[in-house]
2 protein chains.
Amino acid sequence: MSTTPPSTPPDPSPPPRRRATITDVAREAGTGKTSISRYLNGEMSVLSPELRARIEAAIARLDYQPNQMARGLKRGRNRLIGMLLADLTNPYSVEVLQGVEAACHALGLMPLICHAANEVEMERRYLQLLTTYRVEGVIVNAIGVREETLRPVGGGGIPAVLVDRRVEGLAADMVGLDNGAAAELGTRHLLEQGFEHIWFVVQPFEQVSSRQLRVAAFDRAMRDAGRARGHTLVLDLADMDTLARGLAELDRAIDSSSGAGARLAGAMSRIALFAANAPVALRLALHLKARYGANWQTRVALLSIDDPDWAELAGITTIRQPTYDIGYRAVEFLHERIEGVHTRARDCLLPGELIVRASTAR
Amino acid sequence: MSTTPPSTPPDPSPPPRRRATITDVAREAGTGKTSISRYLNGEMSVLSPELRARIEAAIARLDYQPNQMARGLKRGRNRLIGMLLADLTNPYSVEVLQGVEAACHALGLMPLICHAANEVEMERRYLQLLTTYRVEGVIVNAIGVREETLRPVGGGGIPAVLVDRRVEGLAADMVGLDNGAAAELGTRHLLEQGFEHIWFVVQPFEQVSSRQLRVAAFDRAMRDAGRARGHTLVLDLADMDTLARGLAELDRAIDSSSGAGARLAGAMSRIALFAANAPVALRLALHLKARYGANWQTRVALLSIDDPDWAELAGITTIRQPTYDIGYRAVEFLHERIEGVHTRARDCLLPGELIVRASTAR
DNA sequence: CTGTTAGCGCGTTCAG
DNA sequence: CTGAACGCGCTAACAG
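Residues numbered from 1 in each chain as written. Chains lettered and ligands numbered in written order. Predicted model: local features only at pLDDT ≥ 70, side-chain atom pairs only at ≥ 80, totals over all residues. Heavy atoms only, no water.

1. What about the packing of helix α5 (residues 91-107) of chain A against helix α14 (residues 323-338) of chain A?
Residue and element names in this part refer to chain A. One way to put it is that α5 packs onto α14 with a least axis distance of 7 Å and a crossing angle of 45 degrees. Accordingly, the angle class assigned to the pair α5 and α14 is oblique. The handedness of the crossing between α5 and α14 is right-handed. Residue-level contacts link Tyr92, Glu95, Val96, Gln98, Gly99, Val100, Ala102, Ala103, Cys104, Ala106 and Leu107 of α5 to Thr323, Tyr324, Ile326, Gly327, Tyr328, Val331 and His335 of α14. Residues that form the contact of α5 with α14 fall into these classes: twelve nonpolar, five polar and one charged. (Axes fitted to C-alpha atoms, helices over the stretch in contact; angles between N-to-C directions. Helix = DSSP H or I, 4+ residues; strand = E, 2+ residues; numbered from the N terminus. Parallel < 35°, antiparallel > 145°, perpendicular 65-115°, else oblique. Left-handed = near helix turned anticlockwise from the far one by under 90°. Contact = heavy atoms within 4.5 Å. Nonpolar A, V, L, I, M, F, W, Y, C, P; charged D, E, K, R; others polar.)

2. A look at the sheet that holds strand β2 (residues 110-115) of chain A
Residue and element names in this part refer to chain A. As summarised here, the arrangement of the six strands in space is β2-β1-β3-β4-β5-β11, forming an open sheet in which the pairing is parallel. Edge positions in the sheet fall to β2 and β11 (347-350), since each has one partner strand and no second. Put simply, the sheet's adjacent strands are angled 15 degrees from each other on average, direction ignored. Examined bridge by bridge, strand β1 (residues 80-85) and strand β3 (residues 137-140) share four bridges and lie parallel to one another. Bridge assignment links Gly82 to a residue of β3, and that residue is Val138. (Pairing = 2+ DSSP bridges.)

3. What to know about the state of the cysteines
This structure, assessed with the given rule, holds zero disulfides over all chains. For the unlinked cysteine Cys104 of chain B, the closest cysteine sulfur is that of Cys114 of chain A, found at 11 Å. On the basis of relative accessible area, Cys104 of chain B is assigned to the buried category, the value being 1%. (Disulfide = S-S within 2.5 Å. Buried < 20%, exposed > 50% of the residue type's maximum accessible area, 1.4 Å probe, protein only.)

4. Observations concerning the domain arrangement of chain A
All names here are of chain A. By domain assignment, chain A separates into domain 1 (22-66), domain 2 (78-177 + 324-350) and domain 3 (179-321 + 352-360). Taken residue by residue, the interface counts eleven residues in domain 2 and 16 residues in domain 3. Counting each side, the surface lost to burial between domain 2 and domain 3 is near 1,100 Å², with a carbon and sulfur contribution of 46%. For the domain 2 face of the interface with domain 3, the top three residues by lost area are Asp164, Arg165 and Leu177, together amounting to 47%. Taken together, the connections running from domain 2 to domain 3 amount to one salt bridge. A salt bridge links Arg214 to Asp164; its shortest N-O distance comes to 3.7 Å. Taken together, the connections running from domain 2 to domain 3 amount to three residue pairs in polar contact (both at pLDDT 80 or more). Per-element tally for the side of domain 2 that touches domain 3: the top contributor is α5, with three residues. Split into classes, the residues belonging to the side of domain 2 that touches domain 3 amount to five nonpolar, one polar and five charged. (Domains from an automatic or database assignment. Buried area = accessible area lost by both parts, 1.4 Å probe. Salt bridge = Lys/Arg side-chain N within 4 Å of Asp/Glu carboxyl O. Polar contact = N/O pair within 3.5 Å; in protein donor to acceptor, adjacent residues only side chain to side chain.)

5. Some details on helix α8 (residues 179-192) of chain A
Between its first and last C-alpha atoms α8 of chain A spans 20 Å; for 14 residues at 1.5 Å apiece the expected length is 20 Å, and the two agree. Where α8 of chain A ends, the next residue or the one after it, Gly194 of chain A, has phi of about 85 degrees, a positive value. (Expected span 1.5 Å × (residues − 1).)

6. Points about the protein's contact with DNA strand C
The environment of DNA strand C is formed by 24 residues, the closest being Ile22 and Arg71 of chain A together with Thr31, Thr34 and Lys74 of chain B. Counted by atom, the contact set of DNA strand C within 4 Å of the protein is 56% sugar and phosphate. The side chain of Lys33 of chain A places a nitrogen or oxygen atom 2.9 Å from a base nitrogen of DNA strand C. Residue Thr31 of chain B places a side-chain N or O atom 2.2 Å away from a phosphate oxygen belonging to DNA strand C. Secondary structure elements with two or more residues in the surface near DNA strand C: α2 (33-40) and α4 (68-75) of chain A together with α2 (33-40) and α4 (68-75) of chain B. For the surface near DNA strand C, the element with the most residues is α2 of chain A, which contributes four residues. Looking at side-chain class alone, the surface near DNA strand C contains eight nonpolar, ten polar and six charged residues. (Near = heavy atom within 4 Å.)

7. Here's the deal with the pattern of salt bridges
Side chains carrying opposite charge are able to pair once their charged atoms draw close together. Residues and elements named next belong to chain A. With the rule as written, the count across this model stands at 48 salt bridges over all chains. Notably, a salt bridge pairs Arg320 with Asp307, separated by 3.0 Å at the nearest N-O pair. In this pair, Arg320 is assigned in strand β10 (residues 317-320) and Asp307 in the loop between β9 (300-305) and α13 (310-314), connecting sequence segments 13 residues apart. Looking at Arg320, the relative accessible area reads 30%, which means it is partly exposed. On the basis of relative accessible area, Asp307 is assigned to the buried category, the value being 13%. The network of salt bridges with shared partners includes Arg77, Arg79, Glu136 and Glu339.

8. Side note on the interface of chain B and chain A
The partner chain A presents 71 residues to the 72 residues of chain B that form the contact. Interface area, chain B with chain A, both sides summed: about 6,700 Å², of which 61% is carbon and sulfur. Interface area lost by chain B to chain A is led by Met69, Tyr133 and Leu313 of chain B, which between them contribute 11%. Summed over the shared surface of chain B and chain A, the result is zero salt bridges.

This is the structure in structure tokens:
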């Protein structure tokens, strides 16, 4: 690192005068604070054109900008909502976020984005922080929060909307992918393509409702197709040891179904991996590439829920989630709650879209 | 979409009592607000153990949480800083963000993350919004803001530190990659690997200082190596028309250097593409794959500044930016400014790291 | 050690 | 149409 002084003068910052307040503007315009406040709140009809002009001028001259904090304090609402994300590293989150932002924009809300980076402790802290800042509502893409943690929030406290995952015991609105339909769609596709061996690969799913649903739907679809049941492999991406063990198990399966032995026996058949989400798919792809080389796809087919940008490049089949809509819808739900809608908790399940690529095409 | 009512009772939300205030706590503890305030601010030594215990109990009973807005209003500082990101879709941004979050965490700051989604208008609005919320400082990864827009911010107003890109005419701290060294590093590597034809591919760079520096360093390195000068291709990823034209130009170059003609003439040589950042690299890779098939890398080598997660999978060589450190450092700079440090604007240039992969190895 | 008092910047009655 | 006065939740002197 190098710290170079640029060629600018020693900071010609004008007298760091404090920001103008509503009182300053009133004085400058030769009127009272009330009129300024009215102007700010668009109650134009109650102001003489002449006064209005003076106010406008004063505001411009002083470069006045109302203090949202003070306004919030006074009115009891600050137009702030919390957006708690489990993992921004996952493209899913970023895409959902875009929907959230668009909706906030349209509804005059300001999202406070909190990134828990997959740490439960972080999540808890952020939730508390948001409460502390008196956000009017929260959108939660939970990691490990339990009902108690969210109680002051979803319960009698501030409204909450869940994204992608449900929190046990908490009756809150939730919006996400129709996991059952999506997993079934993927499984059906693989079966139709004639794959004999299908492995569903997923992160530990005890705590995450969406993962549970995907696993269950996969199993059901396999059974419905007459297969005993699909293989399910649990991969904990955060734990190198168990991760390595899981991948080793997978390797054995691949070797025995497409390895030299199987080939000689005429039982050669490409194995298919169904990744429960993009992070899993990436991990699998990286591993397979490292083990079987650049042509790993000739031995293994890969299908994933989520459609990260590298999927097209790698040519893997995916089920794209309606991420933008999920985010947008979540904000709409939340907004309704904030505005006082008091029906019981609702669910909004959106369908995924199958995008077939070379990986699973015949 | 289906909206199913879950099987929970019609919302057993307890009387939505309003949150307890400091006054409530004082009453509950049978004391004055001041003592509560002192307790909250950790001035324990000034409180009798007995009173302290009563306060603790009252707080717990009421589930009291101090209102940050009110605190901020009173003290004149709210521990909020703005983080304005040009494009969260770019992994670079997310990684920088992680450093920012860690630093904020350590310094007791709360980042308000704003995502401009590559739109100048959004950027302007967010900047204004942040001002309005009286953030104590801003970290800006600018798109198109000009000095005037940032004036109320970097100028006499709230402190600002720039990330990755400089804003013309604004004397503010800035932290980012040492673009000159990075581009030179990449170019040198390609030359050492014996590539004859090297194209530097970059988005429109007139407005973005980091891109300018990369282009310039590339040219310089090529000249120093005795080549006349490198080819530079400008690709506007947002404009499909010019994008198509640019890619077509590239295709011609590739065909003539590695196509049938060149092969017959014995002049066969693999062309190398040097992408100025990950979004460009992805676009190139997608195009090349579409045009030349899965084995496109046998015809073209690709090197990119930025090291997105798919780089390993695709096997392309990269120059990894110290993104986490960039974010962390930016917050540290900003924190110093907030605390009143008043030296002239500083620069912090961090080095990139070359990661050689199959794409450019011989 | 502890309580009282006065605002922070703004919105909102309520009389002019 | 306009301004004075009060209070949102909290902190900071200033007394006790």
